[in-house]
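# Report on the structure
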Amino acid sequence: MASEHSSHLSWMKIDHSMGGSADNYDAHPSNSPETNISPGRTYQYQAFRERTSIRILSLKPADDPQIELRCELIETDRATDKTYEALSYVWGKDEFPNILHLEGGYIKITASLASALTALRLIDKERYLWVDAVCINQGDELEKRHQVSMMDKIYREAAGVLAWLGQDTKVFEPQTATLLNLSRTAINIGLINVNDSHHEILKQWIKSTPEGFEMAVKMMEMANLSNFWTMYSSSWFTRMWIVQEALLARQLTFCYGACTLHWDDFERVMILMYSINESLHLPIESRNYFFKFGWNIVTVRDHYQQRLTEETDPGLEIAYYATQLNRRQCKDDRDRIYALLGILARDQRLHIQPDYSKSTVQVYLELARNVLRQGHIGLLYDAGLCRRLSFAPPDLYTHPGTGIQDLSKYLPSWAPDYRKSSASAGYADNSQFSLAPLTWTPQFGKTFGKDPYICASITLPEDAPHRLITHGTLIDIITWVEPASFARVANLRASHLDMFFIMRRFCKHLKEKFDSNIIGKLYPGSSEDLTWAFANALVGGGTDDNYNKTFNLISSEQANPLDLWVNYVKCCLEEDGEVYQAMVWERQNPEAEGKVNDVSYKFYNTASKEGSRAWSYTHHLVQIFRYHRFFMTADGYAGLAPLETKDNCDDSVAFLDGANVPFVIRHLGDDTLDWALVGPCYVYGVMDAKAAMDNQICDGRTSIHLV
């Protein structure tokens, strides 16, 4: 997490007379030292004298990048005051064309590592580094296993971690002065902490600054034109193993070609870009990389820093990291768990030890069972069909003609699937279980976890490890589900003008369907105005953080869902509405100057308070229906459910004992008691598990077998 008192080191040409920082990436061969010199014999590692020892690479100085790489390996105890920097880099291809010369022999290294070491050499003195590929004997499995188990301490005790992003001469280097200017701007505006209300801070700054919107647009353009995107879109940011290296670092410094950038400046520019995008919906260069990897590592590192001074729950922590990081590249999906162990305290690792004799399914299933045995029912919020690409029920794992089940490749619906490509490895597929998004983000609720009044009742049979038996309260069966046309089509969301009209039609359709299903009835369990019920169901009751950041700008101006809906109807749905008329003008004048995503600056600068709020409400609805479907049940309950929810698959809403929000669950057949977990949902009027249990209108208590 950035601090005003932290070091203000910034982008600079590496000074080869003093320490710098770097990280390993694929290098251009011409930028590596000559490798056609006869290297002598292969270096022979000596066994460690102490179990706590590590090797430090003493990198010899050179004033010419073409001079061969020479170094010395020094054994040292971590408890000594030997100062070193740890290198974080991407190994690249399993090819070793370059030579590292040591006293007594040579080691072959990748082009990526060679380019990093060449850039890091000082001119007039040795530099002390810890580099995993060299400081660990890669040919000794026992040593490697022991040293890898110490890597968390190695990175934590290093003076700094140097992240080598690469040296690709075909890509322009990020512009030093521009990025420093943006970093200072973020401080001046007040965008310092990742957890600040970026929307509120930026909005207040724009309001207090003449032509504030144009200035925000210019800052975003500056960030995009500065080639900042070449940093967060580099392969270093995409890898799983770099996470613990980045989180454990006392000081983290990026190196790209001949430039360095310290973490604090990087983080501030990221916060500035995120805030402008969040508040004004302006485009970001390489947007997917920005959010999936750049902003992701910012928020995860901030989470880790905050937890250093707090007591943490290991079950919740490992689930948090595994879920947040599941889009990262990883050669072995088991490492999506094993790579996280280093950032957990050693007494909090849930008795998990790296064991590559186990399959990925075994590793994930054992983790889920260990977490649930400790009573952490919150794990279920990270599971479900809503987070799978596909799902094959257990009966599809039966060998044809034998009746024998082989569930070794079956990951049950209640166990989180942390694989980036979470397609089921079943023997067959079933058309009723359609594609679902890799990452699903609920747009309701602030905290998913234990219910304060109802205890969890979970049984995990040893003879049926794929089965979870619990009790719960069935609410109702789902009879109508409505997906948005743009949910899985990213290109549709690129034009704010198009999205306005799509969302306008969609909201009109939802309201008509809702009214037709409720006509002549009261909303179940209440006598409330039906428009109030619809407005709350549409936005998940306004209970999530995005809602609060967007609409509750100041404490004296709390925005309830009904007021927002009424304002949206007035400004956007009515033919003479301010925003509707403005968007009609935008559509009729496509060549007008000063447009962002097909909407002109003029609209942002001249919109009334009500119009601005209706515009923000439109974008909030777009975000909601990217991840949810609006649904209704047989008795008339309405709410938001995951995209995987269906109205022709026996999907029902139920509270599972111990959980503080309801779930959608899917019955797997008339001849079975088995259910599949789909995911958590929001049901207006039924978000209290204790009240649902006592409510005779609900379908009642039952035993639920999740598979």
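If you're wondering where the values come from, they're calculated on a predicted model, not measured in any experiment.

Conventions adopted
Residues numbered from 1 in each chain as written. Predicted model: local features only at pLDDT ≥ 70, side-chain atom pairs only at ≥ 80, totals over all residues. Heavy atoms only, no water. Helix = DSSP H or I, 4+ residues; strand = E, 2+ residues; numbered from the N terminus. Buried < 20%, exposed > 50% of the residue type's maximum accessible area, 1.4 Å probe, protein only. Contact = heavy atoms within 4.5 Å. Axes fitted to C-alpha atoms, helices over the stretch in contact; angles between N-to-C directions. Parallel < 35°, antiparallel > 145°, perpendicular 65-115°, else oblique. Nonpolar A, V, L, I, M, F, W, Y, C, P; charged D, E, K, R; others polar. Core = buried A, V, L, I, M, F, W, Y, C linked by side-chain atoms within 4.5 Å. Salt bridge = Lys/Arg side-chain N within 4 Å of Asp/Glu carboxyl O. Polar contact = N/O pair within 3.5 Å; in protein donor to acceptor, adjacent residues only side chain to side chain. Patch = residues over 30% accessible without salt bridge, like charges linked within 9 Å, V, L, I, M, F, W, Y side chains within 5 Å. Areas by Shrake-Rupley, 256 points an atom, 1.4 Å probe, with all protein chains shown as cover. Lys, Arg positive; Asp, Glu negative; His and termini not counted. Charge placed at Lys NZ, Arg CZ, Asp CG, Glu CD. Phe/Tyr/Trp six-rings, centres within 6.5 Å; stacked < 30°, edge-to-face > 60°. Expected span 1.5 Å × (residues − 1). Arc of directions from axis to C-beta. Left-handed = near helix turned anticlockwise from the far one by under 90°. pLDDT = per-residue confidence, 0-100. Pairing = 2+ DSSP bridges.

It is worth spelling out the overall build of the protein chain at this point. The number of helices and strands found in the protein chain is 23 helices and 20 strands. Burial analysis of the protein chain (707 residues in total) assigns 56% to the buried set. For the protein chain, contacts bridging at least 24 residues in sequence account for 75% of all contacts bridging at least 6.

Turning our attention to the packing of helix α17 (residues 530-538) against helix α19 (residues 561-573). To describe two helices that pack against each other, one gives the angle between their axes and the distance between the axes. Two elements in contact, α17 and α19, have axes separated by 8 Å at closest approach and are oriented at 95 degrees. By the angle between their directions, the pair α17 and α19 is classed as roughly perpendicular. Residues T531, W532, F534, A535, N536 and L538 of α17 touch α19, and the partners they reach there are P561, L562 and W565. Each residue belonging to the contact of α17 with α19 can be placed in one class, and the counts come to seven nonpolar, two polar and no charged.

Attention shifts here to the nonpolar core. Grouped together as the largest cluster of nonpolar side chains are 210 residues, with contacts concentrated most on F625 and F630. Looking at this core element by element, the count peaks at 11 residues for helix α16 (residues 496-518). If sequence neighbours within four positions are ignored, F625 has contacts with A484, F486, A487, M503, F506, L510, L538, F630, L640 and L643.

Here the focus is the pattern of salt bridges. The final tally for this structure, using the stated rule, is 25 salt bridges. The salt bridge involving E141 is made with K144; its shortest N-O contact spans 3.4 Å. Separated by three residues within a single helix, E141 and K144 lie in helix α3 (residues 141-149), roughly one turn from each other. Between R307 and E317 there is a salt bridge, and its shortest N-O distance comes to 3.8 Å. Here R307, found in helix α12 (residues 287-307), pairs with E317, found in helix α13 (residues 314-324); they are 10 residues apart in sequence, far enough to count as distant. The buried category is assigned to E317, whose relative accessible area is 9%. In this structure, a network of salt bridges that share partners links the residues K60, E72 and E126.

It is worth spelling out α17 at this point. For an α-helix the count is 3.6 residues per turn, leaving residues at separations of three or four pointing the same way. Of all the positions in α17, only A533, F534, A535, N536, A537 and L538 are classed as buried. The inward-facing, buried residues of α17 abut α16, α19, α22 (609-627), β14 (628-633), β15 (638-642) and β19 (682-683). Backbone nitrogen of T531 and a side-chain oxygen of the N-cap are separated by 2.9 Å at the start of α17; the cap is D529. Immediately downstream of α17, the backbone of G540 shows phi near 60 degrees, a positive value.

Turning our attention to a negative patch on the surface. Taken together, D395, D650, D670 and D671 make up a surface patch of like negative charges. Position of D671 relative to the elements: it lies in the loop between β17 (663-667) and β18 (674-680). Exposure remark for D671: the relative accessible area of 76% places this residue in the exposed category.

This paragraph deals with the packing of aromatic side chains. Tallied over the entire structure, the rule returns 39 aromatic pairs. Judged by centre distance (5.5 Å) and plane angle (80 degrees), the ring pair of F228 and Y232 falls under edge-to-face. The exposure class of F228 is buried, given its relative accessible area of 1%. Aromatic pair W236 and F254: ring centres 5.5 Å apart, planes at 85 degrees, arrangement edge-to-face. Separated by 18 residues along the polypeptide, W236 in helix α9 (residues 235-238) and F254 in strand β9 (residues 252-256) bring together distant segments of the chain. Residue classification places W236 among the buried positions, given a relative accessible area of 1%.

For helix α7 (residues 212-225), spanning 14 residues, the distance from its first C-alpha to its last is 20 Å, which sits close to the expected 20 Å at 1.5 Å a residue. When we look at burial in α7, the residues that qualify are G212, F213, A216, V217, M219, M220, A223 and N224. All buried residues of α7 project into a common sector of 160 degrees when viewed along the axis, lining one side. Exposed side chains of α7 directed beyond 90 degrees from the buried face belong to K218 and L225. Count one or two residues on from α7 and you reach N227, which has phi positive near 65 degrees.

Interaxial distance between helix α5 (residues 176-189) and α7 falls to 10 Å at its minimum, and their mutual angle equals 145 degrees. The crossing of α5 and α7 is left-handed. Contacts between α5 and α7 involve T178, N181, L182, T185 and I189 from the former and M219, M222 and A223 from the latter. Within the contact of α5 with α7, the residues separate by chemical class into five nonpolar, three polar and no charged.

Backbone geometry places N597, a non-glycine residue, at a positive phi of 55 degrees. Mapping N597 onto the fold places it in the loop between β12 (595-596) and β13 (599-600). What makes N597 partly exposed here is its relative accessible area of 21%. Although it is not a glycine, D650 adopts a positive phi angle of roughly 60 degrees. We classify D650 as partly exposed; its relative accessible area is 38%.

For the protein chain, the mean per-residue pLDDT works out to 83, and 85% of the residues sit at or above 70. Scored below 50 in pLDDT, residues 1-38 makes 135 contacts in the model with residues more than four places away or belonging to other chains. Of the regions scoring below 50 in pLDDT, residues 422-438 engages in 58 contacts with residues more than four places distant in sequence or in other chains.

When a strand is regular, its side chains alternate between the sheet's two faces. Taking burial as the measure, the five residues of β9 include five buried ones, the bulk of the element. Neither face of β9 is exposed, since L252, F254 and Y256 on one face and T253 and C255 on the opposite face are all buried. Relative to β9, strand β8 (residues 160-166) runs parallel, the two being bridged by five bridges. Across the sheet, residue G166 finds its bridge partner in β9, namely Y256. By the bridge criterion, four bridges tie β9 to strand β10 (residues 259-262) in an arrangement that is antiparallel. Its bridge partner lying in β10, F254 is registered against L261.

The next point concerns the side chain of T253. With respect to the element layout, T253 can be found in strand β9. The buried category is assigned to T253, whose relative accessible area is 6%. Separated by 3.4 Å, the side chains of T253 and H262 make a polar contact.

Locating A676 in the fold gives a position in strand β18. A relative accessible area of 0% places A676 in the buried class. Sequence separation between A676 and I665 is 11 residues, and the spatial gap between their C-alpha atoms is 5.7 Å.

All right, on to the side chain of E68 then. Counting through the fold element by element, E68 comes out in the loop between β2 (53-59) and β3 (69-77). Engagement of the side chain of E68 in a polar contact is seen with the side chain of R70, the distance being 2.3 Å.

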